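A closer look at the structure
One-letter residues, chain by chain:
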Amino acid sequence: MHRFSINRKPVRILIIAGSVLAILTVVTLFWLSRNLTRLIETTLQKNLGPDFSLGSIEAGWNRVVLTDVRIRRGGPGPFPHRLLIPRLVLTPSFRALASRRIEIKQLTVERPQVLIEIGPDGKVIAPLPATQKQHTAVPEQGNSPAFSTAIGKIELTDGELIILDRHSKRRAAVGISNPKDGYHLLRFPKLQLTCGPFNYPLLNQAMPLSFSLAAPQVGSLTVKGQISPASLDSSLKLSLRQWDITRFRPYYLKPGDFDVNHGSLDGDANITISKQHLNVPGEIRIKGLELKQGGGRGFFLGLPARAVLAFLKNNKDEIAVQFTLAGDLANPRFQLRQSLIDQIATGVASKIGIPVVSDVARGIMFLGGKGVEGIGKLFGK
């Protein structure tokens, strides 16, 4: 009987070679992760400016974890940061580093707090600083090209959107949350976002998007569809459910209007943006409206309050109004909120049987609040 003999020398060589390869692999991945860590930190500081700060970066073989990501904010108000992210997780692809490209399979943003501020002059201050426009010119000799970034999927979980409105017009508005300090504050919890793939520099290609949040106290908002990050060309469906309208009184009540004790708002709309032109057909439904009626004759949305309440009583406590928002987003005179409020007022007026003469209708569509006030003057005597 023959015995099989094993030549131990090749086996030993294979074991040693395999061990060396494993060690080199681990060392390479560690070096790549450390290099990616420095690259991410440098890129963020360059793009986000001096107000950006980062608590720590922890690099593993298959992920990078950033903690305590902040963009500081100066000025009045209770919020010291425009952006606060307790934890941000990246799953990178190391193969793209040699080509001066950052590839991230998934970016998970956990419990972010995002502040959108409206200044006294009405200008919106975004949480992220504005970046300089891309130039197609060839870079000067000696300047290395910036890293491009590709993210397969972005997932934002359990966040909060905060709107700090310090517009000078809000100071005397009915229902302002902080009249002493002159600002109105709205907080939207349960912020969720899923989108991707995303590329930077921005590409003009459609990206799927799903977005949702909870309204203050009760209510929800969902937006689904696709958007191009570069041009903002979009095709989205918006759904609004059970929003408590008392939290938004500074945005629709005018001097002389009765205060609102109760009311909810539902709505649906299709949002299309093409070449910076906005088109939004939709419908809103006001339910359970209760006004704080005092002495004399008051108004709601610039309309006789008694006529509005009488219509509600006879129509199952609901007013449904169709609207269409359209305008050039590049035109600084285009006011989306005012246009919507005016169209709602016009729709309510037609529902309750108040005739809208042509001059008033023209005022509503093109002259903002003057048209609604015109209806009040015509029918409030």
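Residues numbered from 1 in each chain as written. Predicted model: local features only at pLDDT ≥ 70, side-chain atom pairs only at ≥ 80, totals over all residues. Heavy atoms only, no water.

Some details on the pattern of salt bridges
Our working definition: For this document, the term salt bridge refers to a Lys or Arg side-chain nitrogen within 4 Å of an Asp or Glu carboxyl oxygen. Only protein chains enter the area calculation, which uses a 1.4 Å probe; residues under 20% of their type maximum are buried, those over 50% are exposed, and those in between are partly exposed. Helix and strand definitions here come from DSSP, where helices need a minimum of 4 consecutive H or I residues and strands a minimum of 2 consecutive E residues; each element is numbered from the N-terminal end.
All told, the structure shown has 14 salt bridges when counted by the stated rule. Put simply, Asp 68 and Arg 70 hold a salt bridge, and the shortest N to O gap is 2.5 Å. The exposure class of Asp 68 is partly exposed, given its relative accessible area of 29%. A relative accessible area of 23% means that Arg 70 is categorised as partly exposed. In this structure, Lys 287 engages Glu 318 in a salt bridge whose closest nitrogen and oxygen atoms are separated by 3.9 Å. With Lys 287 in strand β14 (residues 277-292) and Glu 318 in strand β17 (residues 318-328), this pair connects stretches of sequence that are 31 residues apart. The exposure class of Lys 287 is partly exposed, given its relative accessible area of 29%. Each of the salt bridges in this network shares a partner with another, and the network as a whole consists of Arg 73, Arg 82, Glu 117 and Arg 166.

Considering the environment of Leu 203
Stated formally: Contacts are assigned to residue pairs with any non-hydrogen atoms lying within 4.5 Å of each other.
Here Leu 203 shows up in the loop between β9 (198-200) and β10 (207-214). Distance from Leu 203 to Ser 231, taken between C-alpha atoms, is 8.4 Å for residues 28 residues apart in sequence. In this structure, Leu 203 is in contact with Ser 228, Pro 229 and Ala 230, ignoring residues within four places of it in sequence.

As for the side chain of Arg 166
Counted only if it meets this: Contacts described as polar in this section are N or O atom pairs within 3.5 Å, which, within protein, must combine one atom able to donate a hydrogen with one able to accept it, while residues neighboring in sequence count only if both atoms come from side chains.
For Arg 166, the position within the fold is in the loop between β7 (148-165) and β8 (184-195). Residue Arg 166 is classed as buried on the basis of its relative accessible area, which comes to 16%. Looking at Arg 166, its side chain comes within polar contact range of the side chain of Glu 117, at 2.8 Å. Arg 166 has contacts with Arg 73, Pro 76, Glu 117, Ile 118, Gly 119, Pro 120, Gly 182 and Tyr 183, leaving out every residue within four places of it along the chain.

Considering the nonpolar core
Inclusion rule: To define a nonpolar core, start from buried Ala, Val, Leu, Ile, Met, Phe, Trp, Tyr and Cys residues and group those joined through side-chain atoms within 4.5 Å.
Judged by nonpolar contacts, the single largest core of 72 residues is most densely connected at Trp 243, Tyr 252, Leu 289, Phe 300, Val 308 and Val 348. No other element matches the 6 residues that β14 contributes to this core. Counting 6 residues, the second largest nonpolar core, distinct from the first, contains Leu 115, Ile 162, Leu 164 and Tyr 183.

A short note on the side chain of His 81
Assignment of secondary structure puts His 81 in strand β3 (residues 81-93). Judged by its relative accessible area of 16%, His 81 falls in the buried class. Filtering out sequence-adjacent residues up to four positions away, His 81 remains in contact with Arg 70, Ile 71, Arg 72, Arg 73 and Leu 115.

Quick notes on the confidence of the model for the protein
Condition: How sure the predictor is of each residue is captured by pLDDT, a score from 0 to 100.
Here the protein averages 77 in pLDDT, while 72% of its residues score no lower than 70. For the stretch residues 132-145, pLDDT sits under 50, and the model shows 4 contacts to residues farther than four places along the chain or on other chains.

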